2 protein chains.
Amino acid sequence: MEDTVRVAVDAMGGDNAPREVVKGVVDAAAMNKGLSVFLIGRETEVWEELKKYQYPHGQISVVDAPEVIETAEPPVMAIRKKKKSSIVMGMNMIKQGEADAFVSAGSSGAILAGGQLIVGRIKGVERPPLAPLIPTEKGVSLLVDCGANVDARPSHLIQFARMGSIYMEHVLGVKKPRVAIVNIGAEEEKGNALVKETFPLLKNCPDIHFVGSIEAREIPHGAADVIVCEAFVGNVILKLYEGVGATMIGMVKQGMMGSLRSKIGALLVKPALKHTLSAFDASQYGGAPLLGLNGLVVKTHGNAKAQEITNSMIQCVTFKEQQINERIKKMIGTSSQEEE
Amino acid sequence: MEDTVRVAVDAMGGDNAPREVVKGVVDAAAMNKGLSVFLIGRETEVWEELKKYQYPHGQISVVDAPEVIETAEPPVMAIRKKKKSSIVMGMNMIKQGEADAFVSAGSSGAILAGGQLIVGRIKGVERPPLAPLIPTEKGVSLLVDCGANVDARPSHLIQFARMGSIYMEHVLGVKKPRVAIVNIGAEEEKGNALVKETFPLLKNCPDIHFVGSIEAREIPHGAADVIVCEAFVGNVILKLYEGVGATMIGMVKQGMMGSLRSKIGALLVKPALKHTLSAFDASQYGGAPLLGLNGLVVKTHGNAKAQEITNSMIQCVTFKEQQINERIKKMIGTSSQEEE
């Protein structure tokens, strides 16, 4: 029983809910017997989907949440008003110790706000960052922060670097993860006020492996494992990554349909190309964790398919097994003592 | 004589100088009889290249510049010390009214610093932005600012929007260019302090066509013609654009070499793919202008080939013919009066 990881899942969140969410949950439960899942959403709709599958009944239970927070709603107000929504109920389950993690493809704003207001920060964590994995030539890098709180302070960025390092080392298994700060040149004297102030602090941070500045051009080459920046820049990087990738794939596909010759060629290269491009598909790595909360909250893409939900849940298992939050607490504790 | 556009070109700047620069200059002169070119660089090296071509001798003259500013040199110091470098001499020619424009593939830092310190700003222009054209699905957008001066003020961004609109309308021929500000969401209340402060000012700016916020994801789709942001964010966008593009092209090429089947397919799709991907190749649009200076300074990529040099020079001709600086002066004059 002590090995069970209890994951609450937002059955109503995202463009493909509840269909893909339920499918992802069923797949995850089948893959991992130690998973205990709470599917939170409008009961009849969730059952309607769930009954399509053969699944281990002991592993999945449905929790009724009659309200739904829409993407367009002002997040904080939605969190306060819709107590019976899947997002608020899922986060309350973490708060009350009934779940270890919560996975949602719903409103980013509401998930970020709820993480802070309901689940709450680990004592000493100044700001819980949203830290998605982004694909690179060499694998993946953690981009931290892509959250909603902009205009960060240097102390926030230091914590991002430290929490990100713990995550990459113990969830992804990257030994001595390389930490870099996003900058507009490689030299230490370059950058805006925030970067210039943070750079020497990262350099002197004993528990991370800081490798210096990273220019945005180097990010897709996998030049660092943990990429630190404030949330405005992080958001721009994350969204541009997806935008340029999608546009180029679209243009390549369209371009190959232009002539009979290239159409035949397209049929021949298709399997190889699919394999290559899937390496650049963010969904296969699961959602983005909100780090530094009293529990784990994972935000998937709004258009998440079953696979991303499944992978996010498996991520929750590793997160708990590897005792990430205990490690963060210990790390924060160490630095608090240092500061005294 | 009054139709002649005099362009000084840095023969020593960039990875492929002087070879590609000289080739680009010869091509541009052949294409446009109204061009009068000063090739600035180490005389013997420049002549060595130039003598390979048949070219109109009256259109191209060589100016000896024995010094070269290296990319790694601290820009301001290099500008002050190396008076006989191609960058300083080219900019001095604009200052002294001997040239209308200067094109260089050399040190970005030195070009940006020299633009301000030697060529100087148009009276009333607070900050001269570096404004590259970036490729999109629909054509190109102007990304302004990608310069070296970070931590901008709202008044800078307003001027970027207005100068960028003039450039897109009169150099690129885009009627009523759509202006957007880079943001992390579409809503007016989103963003960091700078964006929140600038948004209502752009909304009330009478001489631009402001369409609101643009998320980075929408940039490759061509959702705006003039994309306004401060230089740190602009640099990140520009470099990530190039990085993700190059990485994906590399992965597609490598992926297609994996099997005999896909190798054959690759041969068939190659022409179509080349055509498609060239639309995403920034070099074909010429270099990035520094807007708001007393003259025109164009910075090309460091690895510019002849075509980019040629296109940058043609850009200089349009810039002068369309009286961009006169329009900027008039625009700045208008707003100064308004402020009184």
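Residues numbered from 1 in each chain as written. Chains lettered and ligands numbered in written order. Predicted model: local features only at pLDDT ≥ 70, side-chain atom pairs only at ≥ 80, totals over all residues. Heavy atoms only, no water.

Participant: It is not clear to me how unusual backbone geometry should be interpreted in this structure. Could you clarify?
Facilitator: Note on backbone geometry: most residues besides glycine have negative phi, and most peptide bonds are trans. The omega torsion of the bond from Ala-17 of chain A to Pro-18 of chain A falls at -5 degrees, within 30 degrees of zero and hence cis. Note that Pro-18 of chain A resides in the loop between strand E1 (5-10) and helix H1 (19-31). For Asp-151 of chain B, which is not glycine, the phi dihedral falls at a positive 55 degrees. Within the fold, Asp-151 of chain B resides in the loop between strand E6 (139-144) and helix H6 (154-170). On the basis of relative accessibility, which here comes to 44%, the residue Asp-151 of chain B falls in the partly exposed class. (Helix = DSSP H or I, 4+ residues; strand = E, 2+ residues; numbered from the N terminus. Buried < 20%, exposed > 50% of the residue type's maximum accessible area, 1.4 Å probe, protein only.)

Participant: Looking at this model, I keep getting lost on the pattern of salt bridges. Mind explaining?
Facilitator: Pairing between side chains of opposite charge can happen when their charged atoms approach one another. Taken as a whole and assessed by the stated rule, the structure comprises 26 salt bridges over all chains. Between Lys-51 of chain A and Glu-48 of chain A there is a salt bridge, and its shortest N-O distance comes to 3.3 Å. For Glu-48 of chain A, a relative accessible area of 45% translates into the label partly exposed. A salt bridge links Glu-45 of chain B to Arg-42 of chain B; the shortest N-O distance between them is 3.3 Å. (Salt bridge = Lys/Arg side-chain N within 4 Å of Asp/Glu carboxyl O.)

Participant: What am I meant to see in the relation of the copies chain B and chain A here?
Facilitator: Turning one copy of the chain about an axis and sliding it along that axis gives the other copy, so a rotation and a shift relate them. If you rotate chain B by 180 degrees and push it 0.0 Å along the axis, it lands on chain A with an RMSD of 0.0 Å. Read as a symmetry element, the transformation amounts to a two-fold axis. Looking at the rotation axis and the C-alpha trace of chain B, the residue lying nearest is Gly-265 of chain B, at 1.9 Å. A high fraction, 100%, of the interface residues of chain B reappear at the interface in chain A, so the copies pair face to face through one surface. (Least-squares fit on C-alpha atoms with pLDDT ≥ 70 in both. Contact = heavy atoms within 4.5 Å.)

Participant: What exactly am I supposed to notice about the pairing of strand E11 (residues 296-299) of chain A here?
Facilitator: Each regular strand carries side chains that alternate between the two faces of the sheet. All names here are of chain A. Burial along E11 is two-sided: Leu-296 and Val-298 and Val-297 and Lys-299, pointing in opposite directions, are all buried. Note that strand E4 (residues 101-104) and E11 share four bridges and pair parallel. When the sheet's bridge partners are listed, Ser-104 is paired in E11 with Lys-299. Of the pairings in the sheet, the one linking strand E10 (residues 288-290) to E11 comprises three bridges and is antiparallel in character. Opposite Leu-290, over in E11, you have Val-297 as the bridge partner. Hairpin connection between E10 and E11: a loop of five residues separates the two successive antiparallel strands, and Gly-292 in this loop has a positive phi of roughly 90 degrees. (Pairing = 2+ DSSP bridges.)

Participant: Explain the side chain of Ser-107 of chain B to me, please; I cannot follow it from the model alone.
Facilitator: Residues and elements named next belong to chain B. On the secondary structure map, Ser-107 appears in the loop between strand E4 (101-104) and helix H5 (108-119). Using a relative accessible area of 4% as the deciding quantity, one classes Ser-107 as buried. Here Ser-107 is in contact with Ile-69, Glu-70, Thr-71 and Ile-87, once residues within four sequence places are set aside.

Participant: What should I look at first to understand the confidence of the model for chain A in this one?
Facilitator: Do not read the fine detail of predicted coordinates wherever pLDDT is low. For chain A, per-residue confidence averages 92 on the pLDDT scale, and residues scoring 70 or more make up 97% of the total. This prediction of the complex comes with two scores: 0.92 for pTM and 0.90 for ipTM. (pLDDT = per-residue confidence, 0-100.)

Participant: Can you help me understand helix H10 (residues 306-321) of chain B in this one?
Facilitator: An α-helix turns once every 3.6 residues. As a result, residues three or four positions apart point the same way. Taking 1.5 Å as the rise per residue, H10 of chain B with 16 residues should run 22 Å; its terminal C-alpha atoms sit 23 Å apart, in good agreement. All of the buried residues along H10 of chain B are Ala-306, Glu-308, Ile-309, Thr-310, Asn-311, Ser-312, Met-313, Gln-315, Cys-316, Val-317 and Phe-319 of chain B. (Expected span 1.5 Å × (residues − 1).)

Participant: Whenever I open this one, the packing of aromatic side chains confuses me. Can you help?
Facilitator: Any pair of aromatic rings gets described here by the distance separating the centres and the angle formed by the planes. Residues and elements named next belong to chain A. This model, assessed by the stated rule, comprises four aromatic pairs over all chains. Both rings, one in Phe-199 and one in Phe-210, keep their centres 5.2 Å apart while their planes meet at 75 degrees; by these two values the pair is edge-to-face. Of the two residues, Phe-199 is situated in helix H7 (residues 193-203) and Phe-210 in strand E8 (residues 209-214); the sequence distance between them amounts to 11 residues. The exposure class assigned to Phe-199 is buried, which follows from its relative accessible area of 6%. (Phe/Tyr/Trp six-rings, centres within 6.5 Å; stacked < 30°, edge-to-face > 60°.)

Participant: What should I look at first to understand the nonpolar core in this one?
Facilitator: A general tendency of soluble globular proteins is for nonpolar side chains to be buried together. Grouped together as the largest cluster of nonpolar side chains are 190 residues, with contacts concentrated most on Val-9, Leu-39 and Met-313 of chain A together with Leu-39 and Met-313 of chain B. In contact with Met-313 of chain B, other than residues within four places in its own chain, are Val-7, Val-9, Gly-24, Val-25, Ala-28, Leu-35, Val-37 and Val-103 of chain B. (Core = buried A, V, L, I, M, F, W, Y, C linked by side-chain atoms within 4.5 Å.)

Participant: Please explain the sheet that holds E11 of chain A as it appears in this structure.
Facilitator: Remark on secondary structure: sheet strands pair via backbone hydrogen bonds, oriented parallel or antiparallel. Residues and elements named next belong to chain A. Read from one edge of the open sheet, six strands run E3-E2-E1-E4-E11-E10, paired in mixed fashion. Looking along the sheet, the strands with just one partner apiece sit at the ends: strand E3 (60-64) and E10. Each adjacent strand pair in this sheet contributes to an overall mean axis angle of 25 degrees, direction not counted. With five bridges joining them, strand E2 (residues 35-41) and E3 adopt parallel strand pairing. Directly across from Phe-38, in E3, lies its bridge partner Ser-61. (Axes fitted to C-alpha atoms, helices over the stretch in contact; angles between N-to-C directions.)

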